[in-house]
Amino acid sequence: HMEYRQQLEIKRAQTEETLRRISHLPVSVETCIGMEEPYLYRNKAQFPVGTDALGRPIFGFFSPHSHRIIDIDKCAIQQMNVNKAFLTVRRIAERMNVSVYNEQKHQGVLRHVVIRQSQKTGRLMVVLVGNAKRLPKEEEWVQALCGALPELESLYFCSNTARGNIVLSPQCSLLWGRAALEDELCGIRFSLSPLSFLQVNPVQAEKLYGLALELADLDGTQRVLDAYCGIGIMTQLFARHAAKAIGVEIVPDAIENARESARSNGIANAEFYCGDCAALMPELLQKGVDVLVLDPPRAGCEVSLIEALRGANLQRIVYISCDPATLARDL
């Protein structure tokens, strides 16, 4: 734990240095809010599948800054059922002698195993990603996984025949079970499809969203715009403390999840738009926005979005960043 605290302090100092150097602003970074137990927490894992030098199947993670797969049998930061599901898929694949992907030759089928676990229920979604239109031995996979994994809620096959390092494609077909995985954060119930984005650390996500709500300083009268809203968890959380909350996201599946979630949670003052945040921002700002929440991907905000904010009459902007460098640039 002492080493972990030291790592948090190093990260805090590095982040502050990056922000000051790039933004040229006197930014101060407060103490990092770490986990009590920084193990067995991740609710999602993406395990690449390939072959070793002798052509034998290997399942694991990529070595840093390479496409060389390190063979593993468990991960210390994945939730327990994720580790269990990974080992189960691996055993079944080895027993069935499945065809695995060779990146250099762009041949073979099974190339990734993606697993999600619901924090609330412990149930699992397994996505087999393959370099094929259909999963070979589909029925055998279904019978084997259903028999070995009582926690299984959904089994998908994702067809990804493109070269490159993108893991999931939109071509996901349900092989067995429910189409979505049910979960809950901050008292907000929601559904997850294979392509839905969710913070991978649910314990820290609740702390993060709670802090964002605190910094927004809502009194029930404001209109909130949640840009890059994903499946709309923060939009709904803010809606409970605002006159209205609007979420914007470019992924159609995520917006569909968000709307269904708001209905199931009885939140009538949350509204969702599917589209590019930068393109929609000027129009949405004209309707009147008091508090803006930005939670962009690592690339940060588009220049046109930043330009749209220059003349906006906003009380407050809450920016959640996953890359201090792009945050500093946007600031």
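Everything quoted here is computed from the prediction, not taken from an experiment. (Residues numbered from 1 in each chain as written. Predicted model: local features only at pLDDT ≥ 70, side-chain atom pairs only at ≥ 80, totals over all residues. Heavy atoms only, no water.)

Caption draft 1: Just a nonpolar patch on the surface, in detail. Nonpolar side chains collect at one region of the surface, where Ile33, Leu211 and Leu215 lie side by side and expose about 270 Å² of accessible area between them. Here Leu215 is to be found in helix α4 (residues 202–216). Given a relative accessible area of 48%, Leu215 falls into the partly exposed group. (Patch = residues over 30% accessible without salt bridge, like charges linked within 9 Å, V, L, I, M, F, W, Y side chains within 5 Å. Areas by Shrake-Rupley, 256 points an atom, 1.4 Å probe, with all protein chains shown as cover. Salt bridge = Lys/Arg side-chain N within 4 Å of Asp/Glu carboxyl O. Helix = DSSP H or I, 4+ residues; strand = E, 2+ residues; numbered from the N terminus. Buried < 20%, exposed > 50% of the residue type's maximum accessible area, 1.4 Å probe, protein only.)

Caption draft 2: Representation of the sheet that holds strand β11 (residues 244–249). Spatially, five strands are ordered β12-β11-β10-β13-β14 in an open sheet, and the strand pairing comes out parallel. Of all strands in the sheet, those with a lone pairing partner are β12 (270–274) and β14 (316–319), marking the two edges. Adjacent strand axes in the sheet meet at a mean angle of 15° when their direction is disregarded. When strand β10 (residues 223–227) meets strand β13 (residues 291–294), the two strands line up parallel, connected through four bridges. (Pairing = 2+ DSSP bridges. Axes fitted to C-alpha atoms, helices over the stretch in contact; angles between N-to-C directions.)

Caption draft 3: Quick look at the side chain of Glu16. Tracing the backbone through its elements, the reader meets Glu16 in helix α1 (residues 2–23). By relative accessible area, which is 16% here, Glu16 ends up buried. Contact partners of Glu16, with chain neighbours within four places excluded, come to Val27, Ser28 and Val29. (Contact = heavy atoms within 4.5 Å.)

Caption draft 4: Main features of the sheet that holds strand β1 (residues 44–51). Judged by pairing direction, the sheet is mixed, and its seven strands sit side by side in the order β3-β2-β1-β4-β5-β6-β7 without closing on themselves. Edge positions in the sheet fall to β3 (69–71) and β7 (172–177), since each has one partner strand and no second. On average, adjacent strands in this sheet sit at an angle of 30° to one another, irrespective of strand direction. As paired elements, β1 and strand β4 (residues 110–117) share five bridges and run antiparallel to each other.

Caption draft 5: View of helix α2 (residues 80–96). Between its terminal C-alpha atoms α2 stretches 25 Å, which fits the 24 Å expected from 17 residues at 1.5 Å a residue. Buried within α2 are the following residues: Asn81, Val82, Asn83, Ala85, Phe86, Thr88, Val89, Arg90, Ile92, Ala93 and Met96. For α2, the elements touching its buried residues are β1, β2 (57–62), β3, β4, β5 (124–130) and α3 (138–148). Immediately downstream of α2, the backbone of Asn97 shows phi near 55°, a positive value. (Expected span 1.5 Å × (residues − 1).)

In short, shape yes, function no, at least from these values alone.
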